[in-house]
Each structure stands twice: as structure tokens, then as C-alpha cells.
Amino acid sequence: MKICDINNIKNKNYIVLLPKNDYDIKDSVEYSFENVIYLDYETTKEDADILIDFINNKANQLIIFDYSEFYRLILPYIRKSKKIKWIYKNNIAQITDGNVRQTFNYIMEFYDRDIIDEIGCLDYSTYEILKNSSYKAKYILLDVNPKTKKSKKSDSIGLIGNDYNPNHNVYNELSALKLIDYSYVKLIKTMPATNHFIKFFDIKEKEVNTLNEVMSDNFVNLYCNFTSTNTELILKSMDMGIPCILGNTDIFDKYPKLKTYLVLQSDDDISEIANKIKNVKENNKDILQMYEKFRESYSKNSKSSIDKFLK
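What counts as what
- Residues numbered from 1 in each chain as written.
- Predicted model: local features only at pLDDT ≥ 70, side-chain atom pairs only at ≥ 80, totals over all residues.
- Heavy atoms only, no water.
- Phe/Tyr/Trp six-rings, centres within 6.5 Å; stacked < 30°, edge-to-face > 60°.
- Helix = DSSP H or I, 4+ residues; strand = E, 2+ residues; numbered from the N terminus.
- Buried < 20%, exposed > 50% of the residue type's maximum accessible area, 1.4 Å probe, protein only.
- Axes fitted to C-alpha atoms, helices over the stretch in contact; angles between N-to-C directions.
- Parallel < 35°, antiparallel > 145°, perpendicular 65-115°, else oblique.
- Left-handed = near helix turned anticlockwise from the far one by under 90°.
- Contact = heavy atoms within 4.5 Å.
- Polar contact = N/O pair within 3.5 Å; in protein donor to acceptor, adjacent residues only side chain to side chain.
- Salt bridge = Lys/Arg side-chain N within 4 Å of Asp/Glu carboxyl O.

A. Highlighting the packing of aromatic side chains. Scanning the entire structure with this criterion turns up 20 aromatic pairs. Arranged with centres 6.2 Å apart and planes meeting at 80°, the rings of Tyr14 and Phe33 form a pair that is edge-to-face. Note that Tyr14 is positioned in strand E1 (residues 14-19) and Phe33 in the loop between helix H1 (26-32) and strand E2 (36-39), a separation of 19 residues in sequence. Across this residue pair, the class does not change: Tyr14 and Phe33 are buried. On the numbers, 5.9 Å between centres and 85° between planes, the contact of Tyr23 with Tyr38 is edge-to-face. You can see Tyr23 sitting in the loop between E1 and H1 and its partner Tyr38 sitting in strand E2, a full 15 residues away along the chain.

Dropping the structure here:
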């Protein structure tokens, strides 16, 4: 939805603004919230006036993600009786990235100016840090539609991470493939070094163009990140019936057996990645049965967290 369509919405309780920088979580934002406005075009002062008028006179609260310069045109002009909540998707470990750090600084700026009322955190550790520092914060679990097409049986592997992001551990994942049997690997390549690495080590690869092609119809997906993990992708993979091997994440902390199968103890241990892949292949059925229990609980907790955040 664009701002010009705002008067067509039925539930006028809240509006969500999603800049293009957060389109990696677009599907989970759409599924978890109503009234999502996409800031993927050049916004104007007229757009700001329309939005300010709507929130001040019809809506109760404004929810924003990431950062857009457009926010400076609207946030100071929202009435104090209206709630403004800012959702931060990253964790504290990612603020070594200048762009992530800048977004965090903007949130702190507007919070200190008493313009935003609450900070929503998609990362639990970040939520705890802010809460223990006396910030008004809530932990949010975004969900995706669990009704998805199941994977076909195969012997292929998907690498979900971005090869340009060093936190995504792609080259250790590729190295682990030399220690196992598989048909081919699928990944999105943006770095020339990735092509060189694949050719130099004679890694079997199938060319694909979209992330959905990468993730679909494999026996396992690899997302062994040091940090910068997108829960949406984990859920999508597992919902398709494809176990997803993970690095540093707390998503399965309350499910120790599932965590043993899917979460690495040492993210950059190539042998451990290879052994995890072998174990997933041998225990696929058990893993997916355990995941069903996790998934049911996750969806309930997600709905509860969103309801509490919207109060």
C-alpha cells in the first residue's frame, strides 16, 4: 500500500511504515501486521501531510521500521496523544556495521527527544539490553504463513546467506561441502571471489537467480551466521520441510534436542558444519516432527507478542 491509498483501509487502529531497507523481512511484517505502507518510492511533503493528518485524526498509533529521512517530516508533527513505536530488527553485535549503527543512533535520538513511545526489538538480547537500561521496549516475534509448498526430495543444498556479508559465513559453508556427499549447491552470488572459490575448489553448483530457488527443494539449507540472522528465512525453510542449519541464534534454545541437530556450537568449524549436514540427512523425519511442536508454540507466541505490542 502507498500513502495515497491510506483512506481505503478498514482497521484504522495503526499504520506501519516499512522502508526498502527492511524488505528482507517484508513477508513476515505483512503477515504479522495490517496496514503496511511501503516506502519504496520518493516520498514528498504532500505524502507527509496526508500521513500526519490521518494519524492525528483517525489512527491511534504509528509503527515504523528501520530508518527513512521521511520520518523527520512526520514524527515531530504527530500529536502527543498518539503512540509512535519504532521496531529495530538488528542485534547489538551488528552495530559494527555503520548503517546499522546509524539506525540505532536515530532510534536513540528520537527516544531521547520523547518523540517515540516504545522500541520494539526483533532480537531478544537487544530487548534485554534496552529493558535493563530503563528503555521502554518490547520483544516481538514476527511470523510467516506456515501453509507453504513442501519441498521435493533431492540431494541438493541451499546456502541462504549473502556472500557479501562476512557475518553470513558463506565460505566456511562452501568449504564444508568438500567433506560430504551432495548433488549440487545453490546460492546467490554477488562477489567475484565466490565464483573463484567455487571453481578453484571444484564445488558442484547449480545456477539460480532468486532466493526462493536457493531455498526450495533441498535436503538441507545452510544459514550458519555469526550474527545478522533473519528468522523469516529459518521459518520459511523449515515450513517447506527443509531443515536449516544455523549459527549463533537463540531460536531453538527452549528445544534442546532440536538445537543439538540444527545449531552449531562453533560457527566457523567446517568439520562441525559437515557433521551437522550428515546428521540432518540421517534424522530428517525426527527433526521435522520436533519442529512441528516448536512451530505451533512459535505462532502462538508471535501472535501474543504482536497483540501486546499494539496495546
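B. Spatial organisation of the packing of helix H9 (residues 231-239) against helix H12 (residues 284-310). Where H9 meets H12, the closest approach of the two axes is 11 Å, and the angle between their N-to-C directions is 130°. As far as their axial angle goes, H12 and H9 are oblique. Of the two elements, H9 crosses H12, and the hand of that crossing is left-handed. Seen from H9, the contacting residues are Thr231, Leu235, Met238 and Asp239; seen from H12, they are Ile287, Leu288, Tyr291, Phe294, Arg295 and Tyr298.

C. View of the side chain of Ser28. Its location among the elements puts Ser28 in helix H1. Judged by relative accessible area, Ser28 falls into the buried class, the value being 3%. A distance of 3.0 Å separates a polar atom in the side chain of Ser28 from the backbone oxygen of Ile25. When near neighbours in sequence (up to four residues on either side) are disregarded, Ser28 contacts Leu142, Asp143, Val144 and Glu232.

D. Main features of the pattern of salt bridges. One pass over the full model with this rule turns up 18 salt bridges. Glu109 is the salt-bridge partner of Arg113, the closest N and O atoms lying 3.0 Å from each other. In this structure, Glu296 engages Lys300 in a salt bridge whose closest nitrogen and oxygen atoms are separated by 3.7 Å. Here Lys300 and Glu296 lie together in helix H12, a separation of four residues that amounts to about one turn. The network of salt bridges with common partners includes Asp22, Asp24 and Lys89.

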